[in-house]
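The residues making up each chain are set out below.
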Amino acid sequence: MATTETDRRELLTVNMGPQHPSTHGVLRLELTLDGEVVVHCRPVIGYLHTGIEKTFEAKTYVQGVVLTDRMDYLNPLGNNLAYALSIEKLMDCPIPPRAVVLRVILAELTRLASHLMFVGSMAIDLGATSPFLYCWREREKIMDFFEGISGQRMMTSFIRPGGVAQNVEPAMLDRISEFIEVMPGYIDAYEELLTGNPIFRERTEGIGLLPTDDALALGVTGPALRGSGVALDIRKSNPYCGYETYQFEVPTGRVGDCFDRYLVRVAEMRESVKICRQALDRMPDGPVHTEDRKVMPPPKEELAKSMEAVIHHFKLWTEGIRPPVGEAYVGVESPRGELGFYVVSDGSGRPIRVHERAPSFANLQALPKIIEGGLVADVVACIASMDPIMGEVDR
Amino acid sequence: MVLDGVFAADAISLPADGITTVSVPLAELSNKISRVRDDLGYSRFVDLTAVDRLRRQDRFELVYLFYSLDRHEWLRVKSWTDGEAPSITPSVPAANWYERELFDLFGIQFHGHPGLARIMLPDTWQGHPLRRTEPLGSEPVDFTVTRKVYGHD
């Protein structure tokens with residue numbers, strides 16, 4: 001703590017974080033206070049920097065999938081998907097329809113789980129403990145699905161270049177279907193607890209205003225940008241995985257305060273449920289891997305009969321995928337905004353550069369904008385409403 | 001083609017991902033980026049990163065990504081440098097942390113940046129880890145349990 005005297009004001013500099021429960025990881029904010037008012041805010045990041053982008057250079061393309069889970073750890077399947085799409089663009093390999101629909105279901109379930117975490121943690125940051133427990137209950141069900149599908153609750157690495165890791169059993173799809181039926185009722189329950197709650201509204205309405213122009217200038221994307229009234233959703237504007245064939249709305253806010261950002265995410269949960277419902281109804285049969293032998297190994301029964309299959313098998317397990325020389329970026333809509341992997345290949349089995357366009361990194365730049373001028377007690381609401389994940393900020 | 005008036009035909013290419021890519025000499029970078037944003041409508045800054053090409057004379061390839069909110073498409077702008085570049089942060093505030101990240105991890109100096117400091121690594125860190133001349137994982141981490149192994153104690 002340090003105090004400085006300017007004019008008649010006595011300014012106080014305090015550190016919030018990096019070990020503060022509301023900073024959702026290890027974010028440090030240097031706040032300059034004039035009484036209760038924050039006059040200056042400087043986010044300090046890097047506490048979770050583990051050099052993931054450097055590590056990519058030493059891994060094969062398929063090994064890289066495992067690293068993507070660990071960037072945004074609340075959106076592991078979405079990160080897998082973005083990475084896989086970039087490599088598939090480089091390889092120009094078609095993905096069978098069943099795998100595409102499975103990817104949509106998994107990506108939307110992950111979005112649900114991430115937004116559940118958001119609603120719960122925003123509530124607990126503002127002092128309401130019970131919504132957190134209810135949200136956790138439903139999130140746990142989604143984690144159970146992931147465990148049943150891939151063997152892992154969080155770090156699934158399930159969506160891989162060339163398709164998904166393995167088929168999903170019909171019984172599991174039935175369980176997901178049952179969950180999707182009851183989910184809207186749960187969302188109603190959270191809304192009853194929070195949306196109409198006078199204390200919650202008092203603490204979020206008109207707090208942390210982010211005007212549209214500032215949001216665009218600072219590179220904000222996702223629910224934070226839509227909360228400020230810009231209906232930009234990559235699933236609508238630049239569809240991937242056949243999102244153009246699903247019926248869903250892009251909810252937007254009106255004024256761009258913390259409450260709008262909360263409302264947008266709750267509305268998005270309902271849209272995700274709708275997308276999941278449509279995807280489950282249209283689930284086609286068939287393989288879940290591409291036929292391209294340069295991306296996926298041949299099936300076991302072919303190995304006994306075909307020399308070429310043996311060669312492909314050997315090359316894939318020793319060298320891995322070898323995309324042609326080039327570069328690719330595919331933007332996808334993560335629960336936090338525009339996510340994309342910029343992958344550069346020199347034709348060998350390992351990428352020379354993998355860069356993640358992390359939505360939280362850009363969104364955090366706008367944090368001083370929404371915090372400065374507000375009260376120190378509202379800082380917590382502002383951080384929670386931006387929903388940053390330090391794993392992908394620091395990488 | 002909307003880009004024809006601003007960029008020469010041989011500066012425009014289309015990589016595998018279908019994002020139009022234009023190459024710009026470093027001296028014209030700031031000028032061209034403001035034209036891309038103001039005249040061509042690619043107003044939203046999306047991303048900035050670098051690729052260490054090592055064998056090229058200007059080894060760092062700067063890769064800017066912009067997005068047009070009207071046409072819903074990305075545009076990639078590329079330039080090459082051996083370690084210095086003009087900062088676009090004064091006109092594009094969103095590029096602030098991206099330039100700091102490149103300064104930190106690649107050691108590229110952005111002239112005109114309002115606060116060029118390390119962002120990921122400690123200020124006392126030596127070197128720039130994303131340069132391809134930097135070895136992978138050679139820095140032993142100083143934990144109590146590893147002190148004996150690396151002989152710090």
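As a reminder, the structure under discussion sits directly above these lines.
Quick notes on the rules
Residues numbered from 1 in each chain as written. Chains lettered and ligands numbered in written order. Predicted model: local features only at pLDDT ≥ 70, side-chain atom pairs only at ≥ 80, totals over all residues. Helix = DSSP H or I, 4+ residues; strand = E, 2+ residues; numbered from the N terminus. Buried ≥ 20, exposed ≤ 12 C-beta atoms within 10 Å, placed from the backbone. Contact = placed C-beta atoms within 7 Å. Pairing = 2+ DSSP bridges.

Draft legend 1. Summary view of the overall build of chain B. Looking only at helices and strands, chain B features three helices and seven strands. When the elements of chain B are put in sequence order from the N terminus, they spell out β-β-α-β-β-β-β-α-β-α. Evaluated residue by residue, chain B yields a buried proportion of 35% over its 153 residues. Residue pairs in contact within chain B that sit at least 24 positions apart in sequence constitute 47% of those at least 6 positions apart.

Draft legend 2. How the structure looks around the pairing of strand β5 (residues 73-81) of chain B. All names here are of chain B. Alignment of strand β2 (residues 20-23) against β5, held across four bridges, turns out to be parallel. When the sheet's bridge partners are listed, T20 is paired in β5 with L75. Of the pairings in the sheet, the one linking strand β4 (residues 60-68) to β5 comprises nine bridges and is antiparallel in character. Looking at β5, one finds that F66 is bridged to L75.

Draft legend 3. Structural view of unusual backbone geometry. All names here are of chain A. The phi dihedral of S157 falls on the positive side, at around 45°, and the residue is not glycine. Residue placement: S157 occurs in the loop between α5 (130-150) and β5 (159-160). With 22 C-beta atoms packed within 10 Å, S157 lands in the buried category. Even without glycine at this site, C241 takes up a positive phi of about 50°. Mapped onto the elements, C241 comes out in the loop between α10 (234-237) and α11 (258-281).

Draft legend 4. Region of the structure containing the environment of A:E57. Residue and element names in this part refer to chain A. By the secondary structure assignment, E57 is in the loop between α1 (52-56) and α2 (61-69). By C-beta crowding, E57 is classed as partly exposed, having 17 other C-beta atoms within 10 Å. In the structure, E57 is positioned 18 residues away from V39 in sequence and 42 Å away in space, judged by C-alpha atoms. Apart from the residues lying within four places of it in its own chain, the contact partners of E57 are R350, P351 and I352.

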